[in-house]
Amino acid sequence: MADNFSQPTVQPPGAVFFIFGATGDLARRKLFPAIYSLYREGKLAEDFAVIGVARRPRTDEEFKEDLYRSIEEFCRYKIDDQEHWGRFAQHFSYKSLDINNVDGYHELRELTESVEARFGIPGNRLFYLALAPELFGSVSFNLQKGGMLDTSGWHRLVIEKPFGYDLQSAQKLNEELSQVFKEEEIYRIDHYLGKEMVQNIEVIRFANAFFEPLWNNKHIANVQITLSETVGVEERGGYYDHAGALRDMGQNHMLQMLTMIAMEPPSRLYAEDIRDEKVKVLRSLRPYESVQEVKENVVRGQYIAGEARGKKLPGYREEDKVDPNSNTETYFAAKVFVDNFRWAGVPFYIRTGKRLPVKTTEVVVEFKAMPTNVYLGQKHTLEPNLLVIRVNPMEGIYIKINAKKPGSESQIQPLAMDFCQSCLVGINSPEAYERLIYDAAQGDSTYFTRWDEVAAAWAFVDRIAAAWQQNPSDISTYPAGSWGPKEADELLAKDGFHWWPVNGQEEDNVIWINPN
Ligand SMILES: NC(=O)C1=CN([C@@H]2O[C@H](COP(=O)(O)OP(=O)(O)OC[C@H]3O[C@@H](n4cnc5c(N)ncnc54)[C@H](OP(=O)(O)O)[C@@H]3O)[C@@H](O)[C@H]2O)C=CC1
Ligand SMILES: O=C1O[C@H](COP(=O)(O)O)[C@@H](O)[C@H](O)[C@H]1O
């Protein structure tokens, strides 16, 4: 079955990939495995090289040992052919460098020129900054001063989130970067945009006559976007305690998913056309005008000690590198409106949190009730139709409809017609970072965020953060392993709705039709 999904491979032009932060967590868990998967699938030819950069001393051999371990542990492909591994690993070298030290870049340049000559690479350079954001400005200036951009090939800068802490700091960062790189050379990562099913939202919407005519306020009652995680803050307490759920997930992944659901069809499938439509959605978000409006529409919470799957879990304030008096939110839910013709009056409910019962990312589109329920006389309340897009870790879509219960006179039964993509593709579904690294090497910026999108998202989020700042300790709590503060349920109940159980759980009355 998996063959149905295979497609011809186009290899990007030869380039050197610089991983700044090559000894860090992101490189180890995501970037090296993604590069290996691309190579395994023939999506990288032999004319590429990777230069890892960080301060720690490493010989090339030690670096390759780190690489090997990272792939063994985190890659969806296992290393099963040592000769093939040798061919892959020869493309990697390491340079120990403090990125604030401009003199070191001359040595980096010499190393780069030698690998370019060795692999026949025509001066194309992709700089991936897997670094703390405070270093982004400095590394770009030093790349320029150190002569790393003096080549006839292209230069691209790939930067990780968070892009700033608020609109003001994001603007400052953007000004620094734009002194060295043009907007079209900057690839701002939001790894959710690299996820198969997030990209599929576009196709489901614009390639199906079933959905697009109904995709508006006449037919849709509400949209729910859930990004729930079972993990706590793990080793990232220092970063997270400063950021919180709103900045860590809300400003980027959640609003980006919302734009994919709400945007108008682009005139062509070009990066700028799609990004133009997305930014219009962000500009149409209704801003909260007062602290009171934020309180009425946005819920924040922090997990306290609890239990999941028989395991006791600590509260957020007991986590490593977290302030024991912290008021940082580990959960938020919001009611958001997109004030345009298509969506006027339709609430978008978004929620995310750490230490929730299930790891899932899911979009539920709830359709309005039929104009008249002709079955009412027979005491039937009709369930609303749902379109559910499962993003992560299960991938697929299902639609929930009402049908006659077989054999009964007129009893009505909800049916969920389920297309489980991950059941078909299994482990062959590419990781988001594979797609994004490949796209950046191809020069395709469709699934990267443009500066005006980032700025509009910060402008929206900053108002919430500012209102919270007025009353930092006004935060609800929820036991680790639960579905978050009860206020998040009340947010929907006030409008006559409820959160749909993720993965269709707890819905005993539904018959599932799953052809897999
Ligand atoms: N880890 C993750 O899952 C995710 C991370 N991110 C973002 O990715 C970026 C990197 O995160 P992560 O890998 O977790 O961070 P780590 O702290 O694990 O790694 C940071 C890296 O930066 C290097 N470094 C720090 N200072 C310097 C310096 N002055 N000169 C050269 N290298 C330096 C470190 O190496 P050394 O100490 O050897 O110098 C290390 O390789 C951050 O922006 C983070 O927010 C985003 C999403 C998810
Ligand atoms: O960007 C981030 O995303 C992860 C969740 O990503 P997923 O692909 O596993 O759903 C989150 O854990 C992390 O806090 C955040 O920085």
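Residues numbered from 1 in each chain as written. Chains lettered and ligands numbered in written order. Predicted model: local features only at pLDDT ≥ 70, side-chain atom pairs only at ≥ 80, totals over all residues. Heavy atoms only, no water.

**Concerning the environment of Arg-317**
Following the sequence through the fold, Arg-317 ends up in the loop between strand E10 (311-313) and strand E11 (331-337). Between the C-alpha atom of Arg-317 and that of Arg-118, which follows or precedes it by 199 residues, the distance is 52 Å. The residues touching Arg-317, leaving out its near neighbours within four places in the chain, are Gln-302, Val-322, Asp-323, Pro-324, Asn-325, Ser-326 and Asn-327. Polar side-chain contacts of Arg-317 include one of 2.9 Å to the backbone oxygen of Ser-326. A distance of 3.3 Å separates polar atoms of two side chains, one belonging to Arg-317 and the other to Asn-327. (Helix = DSSP H or I, 4+ residues; strand = E, 2+ residues; numbered from the N terminus. Contact = heavy atoms within 4.5 Å. Polar contact = N/O pair within 3.5 Å; in protein donor to acceptor, adjacent residues only side chain to side chain.)

**Things to note about the state of the cysteines**
Taken as a whole and judged by the stated rule, the model has one disulfide. In this model, Cys-420 is linked to Cys-423 through a disulfide, with the two sulfur atoms separated by 2.0 Å. In this structure, the disulfide formed by Cys-420 and Cys-423 twists by about 80 degrees around the S-S bond and is classed as right-handed. (Disulfide = S-S within 2.5 Å.)

**Description of the pattern of salt bridges**
Per the counting criterion, the structure on display carries 40 salt bridges. For Glu-289, the salt bridge identified is with Arg-463, shortest N-O distance 3.4 Å. With a gap of 174 residues between them, Glu-289 in the loop between helix H9 (271-284) and helix H10 (291-297) and Arg-463 in helix H13 (residues 451-470) connect regions that are remote in the sequence. The class of Glu-289 is exposed, set by a relative accessible area of 56%. A residue is classified by how much of its surface remains accessible, and Arg-463, at 37% relative accessible area, is partly exposed. (Salt bridge = Lys/Arg side-chain N within 4 Å of Asp/Glu carboxyl O. Buried < 20%, exposed > 50% of the residue type's maximum accessible area, 1.4 Å probe, protein only.)

**Points about the UniProt feature "binding site: NADP(+)" (unreviewed entry) in the protein chain**
Look at the UniProt record and you will see "binding site: NADP(+)" (unreviewed entry) annotated at Gly-21, Ala-22, Thr-23, Gly-24, Asp-25, Leu-26, Ala-27, Arg-28, Arg-55, Asp-98, Ile-99 and Lys-161. Lining residues of the largest cavity drawn from the annotated set just named are Lys-161. Mapped onto the fold, Ala-22 is located in the loop between strand E1 (15-20) and helix H1 (25-40). Those residues within four positions of Ala-22 in sequence are excluded, and the remaining contacts are Ala-27, Phe-32, Gly-52, Val-53, Ala-54, Phe-63 and Tyr-94. Checked against the element boundaries, Arg-28 lands in helix H1. Residue Arg-28 is classed as partly exposed on the basis of its relative accessible area of 36%. If near-sequence neighbours (up to four positions away) are discounted, Arg-28 is found in contact with Pro-33, Ser-70, Glu-73 and Phe-74. (UniProt positions renumbered as here; feature names shortened; annotations may be inferred. 1 Å grid on protein atoms, 1.4 Å probe; cavity = no way out; pocket = protein on both sides within 12 Å on 5 of 7 lines; lining within 4 Å.)

**Looking at the site of ligand 1**
In the vicinity of ligand 1 lie 21 residues, with Thr-23, Asp-25, Arg-29, Arg-55 and Leu-131 positioned nearest. Taking Gly-21, its main chain carries an N or O atom lying 3.3 Å from an oxygen atom of ligand 1. Taking Leu-26, its main chain carries an N or O atom lying 2.8 Å from an oxygen atom of ligand 1. Considering ligand 1 on its own, with 880 Å² of exposed area, one finds that the protein chains cover 81% of that surface. The biggest single contributor to the shell around ligand 1 is H1, with three residues. Residue classes in the shell around ligand 1 are distributed as 10 nonpolar, four polar and seven charged. (Near = heavy atom within 4 Å. Areas by Shrake-Rupley, 256 points an atom, 1.4 Å probe, with all protein chains shown as cover. Nonpolar A, V, L, I, M, F, W, Y, C, P; charged D, E, K, R; others polar.)

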